[in-house]
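# Analysis of the macromolecular model
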Amino acid sequence: TWGSNLIDYRIDNMISLERFNEHLVYDPEVEEAIKNRKPVVALESTIITHGMEYPVNRDTALEVMKVVRENGAIPATIGIIGGKIKVGLTPEEIDKLASSNKSCRKCSRRDIGVAIVKKENGGTTVSGTMLIAHLAGIKVFVTGGIGGVHRGAELSFDVSADMTELGRTAVAVVCAGAKSILDIPKTLEYLETQGVPVIGFKTDFFPEFFIPCSDSKVSARLETEKECAEVIKTTFDDLKLSNGILITTPIPKQYAAEETSIRSAVDKAIQECAEQNITGAAITPFLLKRVGELTGGESAESNVALIKNNAALGARIALEYSRLWA
C-alpha cells in the first residue's frame, strides 16, 4: 500500500508539473541553464510593478540583472505577462510591466491563478516568486527584503505570505533581512516556528533592510559563498527538506540610511497608514513610499544599493552551487 501510494504521489506530481508548464514560458537562455545546472538567480517583479516609480523601476531591474551577470550567474526575472508566467523576462517585458505598473496585479501564491485566468500582467512577490522558482527548478532567489510580521499583528493578524512560503518552499532567499517597517523579533520567532534557518552572511545579527543590523541574532553565521551553497545542497538535494533558507546580508555601510531618521520616518508612516485605514497588500507599498518621502529620498537610494549588493552575493552563491555538481 505504501509503495502504491508513493507511485500515485509521484504520478500526481508529474501531472502537476506538466500542467504548470502549460502556463509557463521560459527564456531560452534560462531554460538551457536550468537543464545544465548552470548558475541561475531568480528575481522578483513587484519591485518593478509596486516598489518604485517609472522609469526608476525599469532601470533598477535592468541594473540588478547586469549585476547578476557580472558575478557569474544568469538572471531570471519572474513575472506574469498576459496571463503567462514568464521565467526570464526580456528587457522589453520589464519595460512593459514598469510602464503599466498601476494596472498590474500584485501576485503572491494566492493571486497567480486569478492572474492567469484573467490574462493579466502581474508582479510576483517574494512568496509568488519563490513558488514559481521552485517549480521551475531554480534554487537561489534574490530580493531586497522579505515581508514579515507587521507591528500590531497580535491584533490585526497581519503576517506576510512570505513567512508561510519560506516554511514550505525549498528555495534559498538572499536578502537584506526584513523591511524596517516590520516587527523584527516577531518575524524571527515566526521563521523559527516554520523551521527556516536564518543565516547571517558574515554577520551575527539580523539585518534590518535600510539599517545594517538589528538587536536580534541570526540562527547561524556563514563566512563564504561556498558554505552557503553547501547548506543549500545539503538541505534541498541531500535531505530533501521542503522548507526555504533565508540568507541575509547587511546593506553596505556607505549606503546605510541614518538610523534615527529611518526609525522616525517609519513610525510616522505607520501612524499615517492606520489613520488612512490602509490595509492588506496596500500596506507595504504605502509605507515604503511614505518612508522615502519622509527621508527625502534617502531610503530609496539605500533600497537600490542593497538590492544590487544582494544580487552580487546571490549570483556568487548560485555559481558555487553549480560548481558542487561539476
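Summarised in this report is the structure supplied together with it. Predicted model, so just to flag it, every value in this text is computed and none were measured.

Bringing the nonpolar core into the picture now. Judged by nonpolar contacts, the single largest core of 99 residues is most densely connected at Val 87, Ile 146, Leu 166, Leu 191, Ile 232, Leu 246 and Ile 247. Discounting residues that sit within four places of it in the chain, Ile 232 has contacts with Lys 139, Val 140, Ala 172, Asp 237, Ile 245, Ile 247, Ile 317 and Tyr 321.

Note: strand S1 (residues 24-26) against strand S4 (residues 84-87), three bridges, orientation parallel. Residue pairing across strands places Val 25 opposite Lys 86, the latter belonging to S4. Taken together, the four bridges between strand S3 (residues 74-81) and S4 define a ladder with antiparallel strand orientation. Each residue of the ladder has a partner; that of Gly 79, found in S4, is Lys 86. Linking two consecutive strands that pair antiparallel, namely S3 and S4, is a turn of two residues; a positive phi of about 55 degrees is found at Gly 82 within it.

Here helix H11 (residues 225-238) contains 14 residues, and its C-alpha end-to-end distance of 19 Å stays within 8% of the 20 Å for a straight helix at 1.5 Å per residue. Within H11, the full set of buried residues consists of Glu 225, Cys 228, Ala 229, Ile 232, Lys 233, Thr 235, Phe 236 and Asp 237. Of the surrounding elements, those touching the buried residues of H11 are strand S7 (140-142), strand S8 (172-175), strand S9 (198-201), strand S10 (220-222), strand S11 (245-248) and helix H14 (298-323). Residue Lys 240 follows H11 closely and has a positive phi angle near 60 degrees.

It is worth spelling out helix H13 (residues 283-294) at this point. End to end, H13 covers 16 Å across 12 residues, agreeing with the expected 16 Å (1.5 Å per residue, within 8%). Inspection of H13 places Ile 283, Thr 284, Phe 286, Leu 287, Val 291 and Gly 292 among the buried residues, and these make up the whole buried set. Taken together, the buried residues of H13 touch helix H12 (259-275) and H14. Two residues or fewer past H13, Gly 296 is found with a positive phi of approximately 65 degrees.

Another point: the pattern of salt bridges. Applying the stated criterion across every chain yields a total of 25 salt bridges. Notably, a salt bridge pairs Glu 29 with Arg 69, separated by 2.8 Å at the nearest N-O pair. Of this pair, Glu 29 sits in helix H2 (residues 28-35) while Arg 69 is found in helix H4 (residues 56-70), placing the two residues 40 residues apart along the sequence. Judged by relative accessible area, Glu 29 falls into the partly exposed class, the value being 35%. When its relative accessible area of 41% is taken as the criterion, Arg 69 is described as partly exposed. For Arg 323, the salt bridge is made with Glu 320, and the minimal N-O distance between the two is 3.2 Å. Of the two residues, Arg 323 and Glu 320 are both situated in helix H14; the distance of three residues between them amounts to about one turn of the helix. Classification of Arg 323 by relative accessible area gives partly exposed; the value is 48%.

What counts, and at which threshold
Residues numbered from 1 in each chain as written. Predicted model: local features only at pLDDT ≥ 70, side-chain atom pairs only at ≥ 80, totals over all residues. Heavy atoms only, no water. Core = buried A, V, L, I, M, F, W, Y, C linked by side-chain atoms within 4.5 Å. Buried < 20%, exposed > 50% of the residue type's maximum accessible area, 1.4 Å probe, protein only. Contact = heavy atoms within 4.5 Å. Pairing = 2+ DSSP bridges. Helix = DSSP H or I, 4+ residues; strand = E, 2+ residues; numbered from the N terminus. Expected span 1.5 Å × (residues − 1). Salt bridge = Lys/Arg side-chain N within 4 Å of Asp/Glu carboxyl O.

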